[in-house]
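One-letter residues, chain by chain:
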Amino acid sequence: MLSKREKELIIEIWTRLTPVADRIGAEALLRMFTSYPGTKTYFSHMDITPRSAHLLSLGQKIVLALAEGSKDIANLMTSLAPLQTYHAYQLRIQPNNFKLFSHCMIVTLACFMGDRFTPSSHAAMDKYLSAFSAVLGEKFR
């Protein structure tokens with residue numbers, strides 16, 4: 001699905017952004033909540049206002065999971081198994097929400113990285129986030 005160069009690009013991006021994982025993740029989440037208000041229903045127990053501790057913490061967890069998954073893309077199904085089960089059976093998050101978040105993450109990365117988010121980077125990240133979303137949503141029934 002991804003070429004060797006695309007995998008390298010993805011790893012480079014996440015490695016560069018892990019120091020600001022909380023900010024990147026929180027911004028992508030906030031963008032999703034604003035653009036798709038229905039996604040907020042899963043977070044009614046949390047303070048999801050801009051720069052809240054909950055939003056920053058959740059954003060960081062998400063970005064770090066994305067970064068960790070990028071290290072071994074061929075084994076996403078195995079490495080994401082615990083997250084798959086958690087999101088499908090405990091949180092019961094609709095798989096389409098992962099796609100919505102992926103789109104918001106792409107926009108956030110483009111805003112944050114500027115010119116460094118090249119068309120090649122965009123295409124590689126889009127493929128990776130699509131795979132990540134598909135794996136997370138697979139167990140939902």
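Just above sits the structure.
Residues numbered from 1 in each chain as written. Predicted model: local features only at pLDDT ≥ 70, side-chain atom pairs only at ≥ 80, totals over all residues. Heavy atoms only, no water.

(A) Here's a closer look at the overall build of the protein. For the protein, the count of helices and strands is 7 helices and 0 strands. Tracing the protein from N to C terminus, the helices and strands come up as α-α-α-α-α-α-α. Taken over the C-alpha trace, the protein has a radius of gyration of 14 Å; the compact-globule value for 141 residues is 14 Å, and the two agree within 12%. With respect to the three principal axes, the spread of C-alpha positions in the protein is 40 × 30 × 20 Å. When each of the 141 residues of the protein is scored for burial, the buried share is 43%. Across the protein, every contact between residues at least 6 apart in sequence was considered, and the portion connecting residues at least 24 apart equals 80%. Just so you have it, the protein exposes about 7,700 Å², and 57% of that area is on carbon and sulfur atoms. Both charge centroids of the protein, one from 16 positive and one from 11 negative side chains, sit 4 Å from each other. (Helix = DSSP H or I, 4+ residues; strand = E, 2+ residues; numbered from the N terminus. Rg over C-alpha atoms; globule rule 2.2 N^0.38 Å. Buried < 20%, exposed > 50% of the residue type's maximum accessible area, 1.4 Å probe, protein only. Contact = heavy atoms within 4.5 Å. Areas by Shrake-Rupley, 256 points an atom, 1.4 Å probe, with all protein chains shown as cover. Lys, Arg positive; Asp, Glu negative; His and termini not counted. Charge placed at Lys NZ, Arg CZ, Asp CG, Glu CD.)

(B) Up close: the nonpolar core. Counting residues in each nonpolar core, the largest one holds 41 residues, and the members touching the most others are I10, W14, L76, M105, L109, M125 and Y128. Elements supplying a minimum of two residues to this core: α1 (4–17), α2 (21–35), α3 (53–70), α6 (95–113) and α7 (119–137). With 8 residues, α7 is the largest single contributor of residues to this core. The residues touching L76, leaving out its near neighbours within four places in the chain, are G69, Y128, A131, F132 and V135. (Core = buried A, V, L, I, M, F, W, Y, C linked by side-chain atoms within 4.5 Å.)

(C) Molecular detail of the environment of V135. Examined against the element boundaries, V135 turns out to sit in helix α7. Of the residues examined, V135 reaches a relative accessible area of 10% and is grouped as buried. Distance in space between the C-alpha atoms of V135 and L76 is 7.2 Å, their sequence separation being 59 residues. With residues near it in sequence (within four places) discarded, V135 still touches L76, M77, L80 and Q84.

(D) Highlighting α2. Under the 1.5 Å per step criterion, the end-to-end length of α2 is 21 Å for 15 residues, consistent within 8% with the ideal 21 Å. For α2, the complete set of buried residues consists of A21, I24, G25, A26, A28, L29, M32 and F33. Where the residues of α2 are buried, they touch α1, α3 and α6. (Expected span 1.5 Å × (residues − 1).)

(E) Quick look at unusual backbone geometry. With a phi close to 65°, R51 is a non-glycine residue in the positive phi region. For R51, the position within the fold is in the loop between α2 and α3. Note on R51: relative accessible area 71%, which makes it exposed.

Don't take any of this as a statement about function, it's just geometry.
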